[in-house]
Amino acid sequence: MVSSLVALLPAVAAAQYAIMPPPTTGPYAYYPPYGTFGPDQPGFLAVGQSYVDPVFGSTIRRLSNAYPGSGDALLYARNGFWNADGTRFAHNPDLRGTVDFIDTTTGATVCTGVDPSDADATFDPVNPDAWYYFSGASLMQYSVSSCRTVATVKTFAGPLGSVGGHLEEVDAAGRYWVLNIGGSLQAWDKQTDTLYTGTFPATFGKGYVGMAPDGSGVIEANDSSGQIQILWHALNHTAQTMDATGVVICATCGDHGDLVSASDGKTYFVTGLSQQAHPFIVAIDMTGVVRTLFDMATWCNDQHFSGIPRGPRRDWMVIDFEISAGPGDGGVYLGCFDADSTVNANPIATWWPLRQEIVMVNVLTGAVQRLAHHRSRQADLYCRQPRVSANWDGTKVMFASNYGVTSGLAPVGDPSSDANLSFHGDRKADLAVIRPTNGLWYILRPSDGSVQQVQWGSGDDIPVPADYDGDGKADVAVFRPSEGIWYILRSSDGAVQEVQWGALGDRPAPRDYDGDGKADLAVFRPSTGFWYILRSSDGALQQLPLGAPSDIPVAVDYDGDGKADAAVFRPSTGTWYIWRSSDGALAQIQLGRVDDQPAPRDYDGDGKADVAVFRPSTATWYILRSSDGAVQAVQWGIVGDQPAPNDYDGDGKADLTVFRNGLWYILRSSDGAVQTVRWGAPEDEPLALGVADPGCGFSDIYSLDLPAAPRPGP
């Protein structure tokens, strides 16, 4: 049953905490607008480098370099992203379907292309060399030291399904598991290979289940009724049973929270909860008794949790506070978002307690340790949310942050030219991918099955294929942000062209802006909102003021005059700003929202690009047809797909297309048929819209060393 008892601890309310913003001066000034401590600026931390938080004193180490791509979409509360001794971490660097194991000191990749089982795979909490993943009905073991699968641990009676990817499916000793076997949740003693009697259906909706750190039971967050309920399913290890019905310990909870099995012998679910219309952090024991830990004071402080499962800090929960409300949420939430915006000229002026902080709270005493500012801004996009993950022993925490950089990548290719990203010049778009791990381009010509493989680019290069030499074929090309240099392999004569055009932080946007049939080198500079175009027709510089730091460049030919129009999509408002080349007018069009991926193409075949977005959360395309002004909504794909529209059938209309784990799903506009083509690997990036940010947002991951001794909270 649910208890209404609220035990108020002598914890310090957030309103009583000192307002401790990041500095506005010095080498670690809050960016932007102060200083230059951001991943798009020279001198920022390289992978493996660290700094000491200037306010709270914690050591923070950068462990990935996704800039300017998307961040880790799998990172969450689970300790299982860490191996048992904290030396390896499972990192999803670019929204692909696999993870890499990285060294948590240097950031170096140890193993790549590892199966994450849709975020349900886990490191063993005791054996630092073991990673477990699902394959059909089998639990498989992967070796970190040899980077290969080494054993089938057990094959169960039914396929192993997801348990939600939020919390641990195994206890801190590695013995007791909760598994989704053929659609039923069941407890398993790995040590004795015993399946407990008592099951419940895996119908928790968007919720999750997880094993308590001490193996005493299973938590279930169930939203099948439209409201999150938290249930506790106790385990009886003597009788080898699990309570199939469960006890409701929170009838109206949020979906963020985690478990701590504390030193008093009890397990607590820690979450955010509204009491008397006020936001609190609370600990709920498995009988439903609610213990208030502290008052967050403001609804602006959304949060993620990660419990410490063992060791001297086992009574502690790690929490990050973030502003995840978007501009469409209205009211007080819009005020939160505006305060956090990267275009706010003085964000420190409105700082409030615990804003952008990572903290620890003791579930027994309510003591709070303030650890660091994560500095991730505008966290309405998922990858920008810190989503803390503590390691098994509670010595380190991983978190994601964009450190003030909210821009993603622009679409690439040249939809304003006849080449239509055809590397062979046959007016049909080719299927093309780039493999980020080695810079290899794999190009398939669907009309005759011919294959082209090119090694071009490395590291953080951005692919920018377009027809630069005017021969009707797209050229293999990359833009190197660190140097501002374009490297173009011309299809007309095989020559290599190197051109310096742009600076660090610029976003490439090659198009045919002057109508001479050749793509012009162009960059959008988010820091100033200016476009710099090097016209191929006369070598002149064309400079245009259009855009803001968070805008995404989307230049194509919207007015049908044969010239690309400079344009930006503003995710925060869903507004498109188009500078028409035909008459010099500025058009403003409303289509989309903050998490949409812009995908402009000529879908109706009238010779003009249509304003369009792909919504990753629902896999729905919204197209504003230029031919008749109608908005077309089409569901094509599933959540997690990458949009890759182009004219693959050569009828003059772009085909709705998604790329998923090496498979292309094409809805042909010519006949409505579905074409499925296997081309590429799960880790590859499709080159139709380029390596664009598909709505998750840029971030990198950083580790934070937890203090050996408590620090005072206020």
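Residues numbered from 1 in each chain as written. Predicted model: local features only at pLDDT ≥ 70, side-chain atom pairs only at ≥ 80, totals over all residues. Heavy atoms only, no water.

Chemist: Summarise the overall build of the chain; cite the residues concerned and give the values.
Modeler: Counting its secondary structure elements, the chain contains one helix and 55 strands. For the chain, the proportion of its 714 residues judged to be buried stands at 59%. Excluding contacts between residues fewer than 6 apart, the proportion of contacts in the chain whose partners are at least 24 apart in sequence is 50%. Total accessible area computed for the chain in this model is approximately 24,100 Å², and 51% of it derives from carbon and sulfur atoms. (Helix = DSSP H or I, 4+ residues; strand = E, 2+ residues; numbered from the N terminus. Buried < 20%, exposed > 50% of the residue type's maximum accessible area, 1.4 Å probe, protein only. Contact = heavy atoms within 4.5 Å. Areas by Shrake-Rupley, 256 points an atom, 1.4 Å probe, with all protein chains shown as cover.)

Chemist: Which residues make up unusual backbone geometry, and what values do they have?
Modeler: Glycine aside, residues mostly have negative phi, and peptide bonds are mostly found in the trans state. Omega for the bond connecting Y31 with P32 falls within 30 degrees of zero, at -25°, which places this linkage in the cis form. With respect to the secondary-structure elements, P32 resides in the loop between β1 (6–8) and β2 (50–52). Geometrically, the link from P32 to P33 is a cis peptide bond, its omega value of 10° lying close to zero. Mapped onto the elements of the fold, P33 is located in the loop between β1 and β2. Not every positive phi belongs to a glycine, and Q356 is a case in point at roughly 55°. Following the sequence through the fold, Q356 ends up in the loop between α1 (331–340) and β27 (357–362). Phi is positive for R375, close to 65°, though the residue is something other than glycine.

Chemist: For the pattern of salt bridges, give the residues involved together with the corresponding values.
Modeler: Pairs may arise between side chains of opposite charge once their charged atoms sit close together. Using the criterion set out here, one finds 17 salt bridges in the structure. D628 is paired through a salt bridge with R625; the nearest N and O atoms lie 2.8 Å apart. Among the ionic pairs, R660 bridges to D641, the shortest N-O distance being 2.7 Å. Taken together, the residues span a long stretch of sequence, with R660 in strand β51 (residues 656–660) and D641 in the loop between β49 (631–635) and β50 (642–643) at a distance of 19 residues. (Salt bridge = Lys/Arg side-chain N within 4 Å of Asp/Glu carboxyl O.)

Chemist: Outline the environment of A345, supporting the account with residue identities and numerical values.
Modeler: Mapping A345 onto the fold places it in the loop between α1 and β27. Contact partners of A345, with chain neighbours within four places excluded, come to P33 and Y34.

Chemist: Summarise the state of the cysteines; cite the residues concerned and give the values.
Modeler: A complete count under the given rule lists two disulfides for this structure. Here C250 pairs with C253 through a disulfide, and the sulfurs are 1.9 Å apart. Taking the sign of the S-S torsion, about 100° here, the bridge from C250 to C253 comes out right-handed. Grouping residues by exposure puts C250 and C253 together as buried. (Disulfide = S-S within 2.5 Å.)

Chemist: Can you tell me about the sheet that holds strand β45 (residues 586–590), naming the residues and giving the values?
Modeler: Pairing is antiparallel across the open sheet formed by four strands, whose spatial order is β42-β43-β44-β45. Lying at the two open borders of the sheet, with one neighbouring strand each, are β42 (552–553) and β45. With five bridges connecting them, strand β44 (residues 575–579) and β45 associate as antiparallel partners. Within β45, the residue paired with Y577 across the bridge is Q588. (Pairing = 2+ DSSP bridges.)

Everything listed here is a matter of coordinates, which is why it stays silent on function.
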